[in-house]
There are 2 protein chains.
Amino acid sequence: MTTVVPVEKKVLHENQRIAGELRKRFEEQHVLCLNLISAPGSGKTTLLEKTLNCFQKNEKVALLTGDLQTENDARRLAVYGFPVQQIVTGSVCHLDGKMIERALEKWELAALDLLLIENVGNLVCPSSYDLGEAAKIVLLSVTEGEDKPLKYPSIFVKSDVMVITKIDLLPYVSLNLERMKANARQVHPGIEIIELSCKTGDGLDVWLAWLERRRDSVRERLLCARS
Amino acid sequence: MTTVVPVEKKVLHENQRIAGELRKRFEEQHVLCLNLISAPGSGKTTLLEKTLNCFQKNEKVALLTGDLQTENDARRLAVYGFPVQQIVTGSVCHLDGKMIERALEKWELAALDLLLIENVGNLVCPSSYDLGEAAKIVLLSVTEGEDKPLKYPSIFVKSDVMVITKIDLLPYVSLNLERMKANARQVHPGIEIIELSCKTGDGLDVWLAWLERRRDSVRERLLCARS
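Keep in mind it's a predicted model, so treat the numbers as computed, not measured.

> I tried to follow the relation of the copies chain A and chain B on my own but got confused; where do I start?
Both copies of the chain are related by a screw-like operation: a rotation about an axis and a shift along it. At an RMSD of 0.0 Å, chain A and chain B line up after a rotation of 180 degrees and a shift of 0.0 Å along the axis. Taken together, these values place the two copies in the relation of a two-fold axis. Here 100% of the interface residues in chain A have copies in chain B that are interface residues too; the copies meet face to matching face.

> What should I look at first to understand the nonpolar core in this one?
It is characteristic of soluble globular proteins that their nonpolar side chains tend to be buried jointly. In terms of nonpolar packing, the biggest core is built from 113 residues, with Leu116(A), Ile117(A), Leu116(B), Ile117(B) and Val163(B) touching the most fellow members. Beyond its immediate sequence surroundings of up to four residues, Ile117(A) is in contact with Cys33(A), Leu34(A), Asn35(A), Leu36(A), Leu64(A), Leu95(A), Ile100(A), Leu131(A) and Glu133(A).

> Explanation requested: the sheet that holds strand β1 (residues 32-37) of chain A in the structure shown.
Residue and element names in this part refer to chain A. With parallel pairing, seven strands are arranged side by side in an open sheet as β3-β2-β4-β1-β5-β6-β7. On the outer flanks of this sheet lie β3 (84-88) and β7 (192-195), each paired with one strand and no other. When strand polarity is set aside, the average angle formed by the axes of neighbouring strands in this sheet is 20 degrees. Where strand β5 (residues 135-141) lies against strand β6 (residues 159-165), six bridges are found, and the strand directions are parallel. Note on β6: the bridge partner recorded for Val138 is Met162. The strands touched by helix α2 (residues 44-54) are β1, β2 (61-67), β4 (114-118), β5 and β6; relative to β4, the strand with the most contacts, the crossing angle is about 155 degrees.

> Can you walk me through the interface of chain A and chain B in this structure?
For an interface, size is often stated in terms of accessible area lost upon the parts coming together. Each side of the interface is counted separately: chain A has 36 residues, and chain B has 36 residues. At the level of secondary structure, the elements contributing two or more residues to the side of chain A that touches chain B comprise α1 (4-28), α5 (148-151) and α6 (153-158) of chain A. Grouping the constituent residues of the side of chain A that touches chain B by class yields 16 nonpolar, 12 polar and eight charged.

Criteria and cut-off values
- Numbering of residues begins from 1 in every chain and follows the order in which that chain's sequence is written.
- Starting at A for chains and at 1 for ligands, labels are handed out in the order in which the entities are written.
- The predicted nature of this model means local features are confined to residues of pLDDT at least 70 and side-chain atom pairs, given and counted, to a pLDDT of 80 or more, with totals for whole chains, interfaces and linings taken over all residues.
- Least-squares superposition of the copies uses the C-alpha atoms of those residues scoring a pLDDT of at least 70 in each of them.
- Here, residue contact means that the backbone-derived C-beta atoms of the two residues sit within 7 Å.
- A set of buried Ala, Val, Leu, Ile, Met, Phe, Trp, Tyr and Cys residues, joined through C-beta atoms within 7 Å, is what we mean by a nonpolar core.
- Each residue is classified by how many other C-beta atoms fall within 10 Å of its C-beta atom, where C-beta atoms are placed from the backbone; a count of 20 or more means buried, 12 or fewer means exposed, and values in between mean partly exposed.
- When DSSP finds two or more bridges between a pair of strands, those strands are recorded as paired.
- For helices the rule is a DSSP run of H or I covering at least 4 residues; for strands it is a run of E covering at least 2, with both sets numbered from the N terminus onward.
- For helices, the axis comes from a line fit to the C-alpha atoms of the stretch in contact; other axes are also lines fit to C-alpha atoms, and the angle between any two N-to-C directions lies between 0 and 180 degrees.
- Side-chain classes are defined by residue name, with Ala, Val, Leu, Ile, Met, Phe, Trp, Tyr, Cys and Pro counting as nonpolar, Asp, Glu, Lys and Arg as charged, and the others, Gly among them, as polar.

Function-wise, these values are silent; they only describe arrangement.
In structure tokens:
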């Protein structure tokens, strides 16, 4: 078992190199890349569905969605008319830079301005693999308990935003929402927190506004680059 | 990246060797060992709390609970008066045989007849690491969506039972429960399915009866060995 750590380090180091190249390409092409991470069933695909539903049809958005098996998520997302690719990882518990690089071979990056990546449902391993994204976004549903940021700190430390999902279920679960938020801020004092329900639509405007702000900052850099 | 697979194989092979030794010890000592696996927040600790609460104080039960960080679960479980050890894995996304072996050094195995292991909250990686258990038990809550057995087949294939948790939330989520069960049976036709709510207590009797049946079969083997 002693050989694991150096090999894991080597794998992560190689991933970091590829992620660095991806980040450079995203920045040069003015593409905002976001990496959505959560446990299985926290609502990543549903949030993406609601997001795509609010976009104009001519927006330059594309999606990559990772799962161990099935093309279900790609099928769900494809109905909104934007380019989607499913990355089926087999037994691999996370997406890595190489998978993103390979998927992007099929697209013209210059034709995009937003790339949304839905990672494999896993609160642990995806946090170790940089995909060149501008920001990680962690989703946590109100049914998962307030202690998760303390138990799985890495992803909460590395995420710009925590999206608390399924707030419509708050009356039916024994969650201390304030404690959940305090726990997230304990491990990452600067983390932004957005609470929403894809069922009722509550809070979706806050999420969309956050997304627009991030897209605006990329657009501003594009204008500066052209002027 | 090409060195990963052989090393991973070597790690899994070594884990299998340790798990084999553990399994032999559990069988020789007539200890029923169960390995509970689920995504974070599906209710493993809560199910264990409800289970311990139904046990007589003199029952020979012990618990190991895994998390990346915090001793929260061990604290929650310790109040029932049975021996509990928290295994803090740091950044490791699963429990492995070595961790169990090390934890058991502190206990006299002959003094136990049931060992309940709560794995790290992760629907992917723990399925690859045998802990010498007599059975794996996968938990899936009704909030996680009906497609999870198809997306994460390995753990559903390897589990004797799927426990569907939080059925009290069924009226508030858009889950097709029959589809969820059909999906589990599609990947593992023989899987037993138990539906319960730790909040209302519905179905807990079915879970406890399943547990008793498994404990009875170990007790019978013990009687045979002594006669």
